[in-house]
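Below are the chains, spelled out letter by letter.
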Amino acid sequence: EAVDPLCTALLHDDASVRAAAALALGTLGSQAALGDLVNRLQTDDNSMVREAAAQSLGRLGDRSVEGTLEAAGRSDRKSKVRKAALAALTQIRARR
């Protein structure tokens, strides 16, 4: 039940709220949030939010997001987001 309000919070005007929601979704482990987290990683203007989304995608561990994480790890304009995406990718691949 907490997933829907957190997914809504991913669209909040305040980047710190969006980042906190992204991290909470990763902690909850809900696969229902996968698409929303991918969207934040790919489109959010704030690097803190993109980093949090990458971290949570790693926690969720779904192999379907490997390509998205690879792309962010290669081309995000902020090094901390690139590092988080590559760490998430490593986390997912370690579960194989």
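Everything below is about the structure shown above.
Described below are features of the structure shown in this document. Note that the structure is a prediction, hence the values are computed from the model and not measured.

Criteria and cut-off values
- Residues numbered from 1 in each chain as written.
- Predicted model: local features only at pLDDT ≥ 70, side-chain atom pairs only at ≥ 80, totals over all residues.
- Heavy atoms only, no water.
- Helix = DSSP H or I, 4+ residues; strand = E, 2+ residues; numbered from the N terminus.
- Rg over C-alpha atoms; globule rule 2.2 N^0.38 Å.
- Core = buried A, V, L, I, M, F, W, Y, C linked by side-chain atoms within 4.5 Å.
- Buried < 20%, exposed > 50% of the residue type's maximum accessible area, 1.4 Å probe, protein only.
- Contact = heavy atoms within 4.5 Å.
- Arc of directions from axis to C-beta.
- Polar contact = N/O pair within 3.5 Å; in protein donor to acceptor, adjacent residues only side chain to side chain.

**Structural notes on the overall build of the protein**
A count of helical and extended segments in the protein gives six helices and zero strands. For the protein, the sequential pattern of α-helices and β-strands runs α-α-α-α-α-α. At 12 Å, the protein has a C-alpha radius of gyration in line with the 12 Å of a compact globule built from 96 residues. For the protein, the C-alpha atoms occupy an extent of roughly 30 × 30 × 15 Å along the three principal directions.

**Some details on the nonpolar core**
Grouped together as the largest cluster of nonpolar side chains are 30 residues, with contacts concentrated most on Leu25, Leu37, Leu41, Leu57, Val65 and Leu69. Apart from residues lying up to four places away in sequence, Val65 is in contact with Leu34, Val38, Leu57 and Ile92.

**Quick look at the side chain of Ser56**
If you trace the backbone, Ser56 turns up in helix H4 (residues 47-60). For Ser56, a relative accessible area of 0% gives the class buried. Excluding anything up to four places from it in sequence, Ser56 contacts Ala22, Leu23, Gly26 and Leu37.

**Quick notes on the environment of Arg96**
Within the secondary structure, Arg96 is located in the segment after helix H6 (79-94). For Arg96, a relative accessible area of 56% gives the class exposed. Sequence separation between Arg96 and Arg63 is 33 residues; the distance between their C-alpha atoms is 9.2 Å. Setting aside its immediate chain neighbours within four residues, Arg96 contacts Arg63 and Glu66.

**Structural notes on helix H5 (residues 66-75)**
Within H5, burial applies to Glu66, Thr68, Leu69, Ala72 and Gly73. For H5, the buried positions fall inside an angular range of 160° around the axis, keeping them on one side. Away from its buried face by more than 90 degrees, H5 exposes Arg74 and Ser75. Contacts made by the buried residues of H5 are with helix H3 (34-43), H4 and H6.

**Examining the side chain of Arg50**
By secondary structure assignment, the location of Arg50 is in helix H4. We classify Arg50 as buried; its relative accessible area is 2%. Reaching out from Arg50, the side chain makes a polar contact with the backbone oxygen of Asp44 at a distance of 3.0 Å. Sequence-distant contacts of Arg50, that is, excluding residues within four places in its chain, are made with Arg40, Leu41, Asp44, Asp45, Asp76, Arg77, Lys78 and Val81.

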